[in-house]
Protein chains: 2
Amino acid sequence: MTVRALSTLSADELDEFLAAQRTAYDTLVARGLSLDLTRGKPSSAQLDLSDGLLGLPSTTKDASGTDVRNYGGLAGITEIRSLFAELLNIDLEQIVAQGNSSLALMREVLTFLMLKGAIDGAPWAGQKVKFLCPVPGYDRHFALLEWLGIEMIPIPMNADGPDADAAASLAANDPAIKGIWVVPTYANPTGDVTSVEVATKLVSMPTAAPDFKIFWDNAYALHHLTSAETKSADVISLANVAGNPHRPIMFASTSKITYAGAGVAFLATSKEQIAWYADNLGFGTIGPDKVNQLRHVEFFKDAAGVRAHMGKHRELLAPKFAELSRILDERLTGYDVATWTNPAGGYFISLNVLDGTASRVIELAKAAGVALTPAGSAFPLKFDPNDRNIRLAPSLPPIAEVTGAAEVVATCVLLAAAEKLSS
Amino acid sequence: MTVRALSTLSADELDEFLAAQRTAYDTLVARGLSLDLTRGKPSSAQLDLSDGLLGLPSTTKDASGTDVRNYGGLAGITEIRSLFAELLNIDLEQIVAQGNSSLALMREVLTFLMLKGAIDGAPWAGQKVKFLCPVPGYDRHFALLEWLGIEMIPIPMNADGPDADAAASLAANDPAIKGIWVVPTYANPTGDVTSVEVATKLVSMPTAAPDFKIFWDNAYALHHLTSAETKSADVISLANVAGNPHRPIMFASTSKITYAGAGVAFLATSKEQIAWYADNLGFGTIGPDKVNQLRHVEFFKDAAGVRAHMGKHRELLAPKFAELSRILDERLTGYDVATWTNPAGGYFISLNVLDGTASRVIELAKAAGVALTPAGSAFPLKFDPNDRNIRLAPSLPPIAEVTGAAEVVATCVLLAAAEKLSS
C-alpha cells in the first residue's frame, strides 16, 4: 500500500492498515523493551564531559581574596557572575549566582512575590493571581503555579514565541494577570525561539497589573544543536528601552552544561530588582555554595571555554535528535496524522499526533515498554484540550535505544490514528 | 584600689575609677586596633581541616548505583542521611539531606507553612501568627520571623533551656501562637543546653494551635568544647511518646563541621511531616547537590570520622574560649557589673553587662577598633529591654586577636558601668 493520508483511505484500506499496525505493534511488545524518552536528562557521556570538576577547585580564594569555604557572598562570586553575564549578555550588577537549581530560584521569586510583593506591587497572597502560559510549555512551570494556587491561562506558543497579541490583549484588561512564562531560546518542548519582535512586544505591552513579570527561563540559551547558534533576545535591555525595566526576570543554570544535579543557577534582572531579590534572600540564607562556583570558574576559565564545552554536548546530542527525526520522517511522513518539531537546540522534540490520540499513543507505548511523559504534561493542570501533544526527550538513552523507542512511538502513533479513524 | 562592687564605691572612689578606665580606654584607642568578635564564623585553620573535600568524590555513583551528577534524589543520598541519622539519633526515614544552608531549610518550612499550611493546619498567610522566642537568642531566627510579619513573644532562656512553664501558659491559651525557636544544645548565644525535662514539657504541653511547631535548630549538636560531649535531648522520640509527633522539626548542617559555605544541611521530623516537606519541596527543585553529599560521605567515612573531626575543631576553638573567659575573669570579677556564660560547646559567650550599658559598651568598643554584634541583636526586633546583652564570638580571629579584643571589651564594660553609675 502506498503511503497516503489516512483520512483518504477507504474503509477496507483502513481495516487493512489497522491490522498491519496491530501486527507491527504486537511484534514490538513481544520484544519486552524498557526504554525511556520522558525527561530532559543529560546522558552519562554528557556528564563525563565535566568530570574535570571533581578535582577542583585548586585554591580556596576567589579573585577578591575571599575564602570561598566560609560564610557570605550572597550574590555569588564575581568571577562566575562575570562569566555568565558575558554569555547571557547581561551587566555584571544585574546577575547573581546561586545554588544548583534555577527552578529553586523561580520558586523563591514566586514565594517572595506571594509573601512580600514585588518592588512595584503588593503581596500576591490573598489576591487573585493569574499567569499567561504559552502552550505547549514546561510541566514544572505549570506545577509550580498550581502549587501556589495561581490560575493559568493558556495562550498559543508560536514558531516565533508566545502569541504576543493574545498576551497583550489579556494582560491589558485584567489586573489579576501578573505574569507569563517564556522559555525563549529553544522552548520546552517545541524548540521554538522567541524573536526579538515578540520579546519587544512582551516587554512593551501595557499591562493592567503594575507588577507584571516575565519569567524568562533561559534554560537552553547556549544549548545549540546546529552551528547556527541562535542568539537569545536581549530581554533585559529591551525592557529597559521600553520603560519597563523590572518586568523580566531571567533564569539560567549550568544544569545542562556541567552536572544536572550539581551546577550553578543564575538570576538576572534590573539592578533594583536584584536588590529586592537579595534583600529577601538574605533573610533565609547566608550565601550560596561559593566553592562550587569557583570550581566551575576554574573548570571553564572563560566564556570561550563554556562555548567549546557546549560544542562537545552538541556532538553527543545532535545525532540522537537526528536519529529520532529520521525515524519520525521515515515512518510518519505522508499519513497526515502527526507533525513534529525540528529544533535547532534545547532538549526536546514536540510531537503532535492526531487529535484525541495522544493519551492512547502514550498508553500503547507504555505497554510496549517505552515510557513517555504523561499525556497533557505540557499544559496547565495536565489538560491538553486536543489530546494531541507528546514531548520526546532523546538525550538520556544511548542512540540504539533512541532508535528502538522512536520505532515504537511511530508505530503507536499510526496504530492509535487508525483506531481513531476506524471507530 | 582593691576590687569591689562598683555600686559600693563612694563618689570619690567612683570618680577615680572612672578616670582610670578612661585612661586605659584612651590607651587602647591609640593602638588603632581592627578586631572582630561579631559572627560565629569558623577560622581558616578550622576550614583547612576539611580541605580533603577538595579532591573528592572519587566516584560519581552512590551506594545504590545512582549517578550523583544527574537530576533527582529529592531527599538526598542515603549514605549521608544515614550518617547524620546516626549522629543526630534519628531514624533514616525521618531525615533528609539538602543544600548548603540549614537557614534556607527553615525559611523553606516557614514559607510552606505560610502558603500551604502544615499537615495539621491551614495556611498561616492571612492569619495572625505569633512565635515564642527564648531570649537571648539567634538574630537570624528573629529576622526571618520579622520578614514574614510573624509577631514575636520573648520568653526567658534559662540554664536548662527555654522557660517551658512560660511557653506552656502562653501556648495553651492563644491559637495564634504557632511555634517556638529552640537551639537545644549549646544555645546561641548562651551556650545553655535544653534538658530532657524541658524538651519533654515543650513537646507535651497542650497548645491552642493544633499546628504548633518547635523549630529545633540543632546547629551545634556535635560542637563540644569539653570532653563531656553533652547529648542533645531526643526531641523527636519525646514528641512521639507525647502523642505530638509532628510538633518538632529539627535542623542541622555541616556548616561548622566542614565548610561554612559549602556544607550539607539536614531536616528531621516525623515520617509524615518529611513527606509533607518533600511534597512541597518537589514543586521547586529536582534535587539537592548530591555530588557534595557524596563528597562529604567519602571524606568522613562514618560517624566516628565526624566525631574525630569535631575533636580537631575543639582543639582549635577551646583555647580561644578559654582565653576570652580568662580575660573576662581577670578583668571583670568582683566589680559586680557583668556576668558571662562558660559554654561547654557552641560558638558564643553571652555577656550581660550593667543594665543600660550594652549599647554604650558596643559603641566604645567600636571606637577602639573592636567590632561587636549590634546591641539588642539577640532579641526580637533587636530590642533588648534591659540594654544588657552582648554576644561574643571568638572563633574567627587568631588567639592573639581574641586577647586584644577581650581586653578592649573588658575595659569598655568597666568604663560604661562607671559612666552609668556616675551619671
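Because the structure is predicted, anything quoted here is derived from the model rather than measured.

A. Highlighting the sheet that holds strand β6 (residues 177–182) of chain A. All names here are of chain A. Here we have 8 strands laid out as an open sheet, ordered β2-β9-β8-β7-β6-β3-β4-β5, and mixed in their pairing. Strand pairing shows two members of the sheet lacking a second neighbour, β2 (95–97) and β5 (161–162), which therefore form its edges. Across 6 bridges, the pairing between strand β3 (residues 130–135) and strand β4 (residues 151–158) is parallel. Counted as the bridge partner of Lys-130 is Glu-151 from β4. Its contacts with the sheet put helix α5 (residues 139–147) on β3, β4, β6 and β7 (213–217), and the angle it makes with β3 is roughly 160 degrees.

B. Just the environment of Arg22(A), in detail. Residue and element names in this part refer to chain A. Locating Arg-22 in the fold gives a position in helix α1 (residues 11–30). In this structure, the C-alpha to C-alpha distance between Arg-22 and Leu-415, residues 393 residues apart in sequence, is 6.6 Å. Non-local contacts of Arg-22, meaning those with residues more than four positions away in its chain, are made with Leu-415 and Glu-419.

C. Quick look at helix α6 (residues 164–173) of chain B. All names here are of chain B. Looking at α6, one finds that the buried residues are Ala-164, Ala-166, Ala-167 and Ala-171. The arc that holds every buried residue of α6, seen down its axis, measures 155 degrees, which confines them to one face. Opposite its buried face, α6 presents the exposed residues Asp-165 and Asn-173, each directed more than 90 degrees away. Lining the buried residues of α6 we find β3 (130–135), β4 (151–158), β5 (161–162), β6 (177–182) and α7 (196–204). With a side-chain oxygen lying 3.2 Å from the backbone nitrogen of Asp-165, the N-terminal cap of α6 falls on Asp-163.

D. Structural context of the side chain of Asp67(A). With respect to the helices and strands, the residue Asp67(A) is situated in the loop between α2 (44–48) and α3 (78–88). Its relative accessible area of 13% is what places Asp67(A) among the buried residues. One polar contact links Asp67(A) to Arg69(A), side chain to side chain, over a distance of 2.8 Å. Setting aside chain neighbours within four positions, we find Asp67(A) in contact with Thr60(A), Lys290(A), Ser44(B) and Leu47(B).

E. Looking closely at the relation of the copies chain A and chain B. At an RMSD of 0.0 Å, chain A and chain B line up after a rotation of 180 degrees and a shift of 0.0 Å along the axis. What the superposition gives is, in effect, a two-fold axis relating one chain to the other. Distance from the rotation axis, computed per C-alpha, reaches its smallest value in chain A at Gly55(A): 2.4 Å. Taken together, the interface assignments show that 100% of the residues at the interface of chain A recur at the interface of chain B, consistent with an identical surface on both copies.

F. Structural detail: the sheet that holds strand β8 (residues 248–253) of chain B. Residues and elements named next belong to chain B. Within the open sheet, the 8 strands sit side by side as β2-β9-β8-β7-β6-β3-β4-β5. Their pairing is mixed. Both edges of this open sheet fall to β2 (95–97) and β5, since each of them pairs with a single strand only. Here helix α5 (residues 139–147) sits on the sheet in contact with β3, β4, β6 and β7 (213–217), set at roughly 160 degrees to β3.

Parameters and conventions
Residues numbered from 1 in each chain as written. Chains lettered and ligands numbered in written order. Predicted model: local features only at pLDDT ≥ 70, side-chain atom pairs only at ≥ 80, totals over all residues. Heavy atoms only, no water. Pairing = 2+ DSSP bridges. Helix = DSSP H or I, 4+ residues; strand = E, 2+ residues; numbered from the N terminus. Contact = heavy atoms within 4.5 Å. Axes fitted to C-alpha atoms, helices over the stretch in contact; angles between N-to-C directions. Buried < 20%, exposed > 50% of the residue type's maximum accessible area, 1.4 Å probe, protein only. Arc of directions from axis to C-beta. Polar contact = N/O pair within 3.5 Å; in protein donor to acceptor, adjacent residues only side chain to side chain. Least-squares fit on C-alpha atoms with pLDDT ≥ 70 in both.

Functional significance is not addressed by these values, which are geometric in nature.
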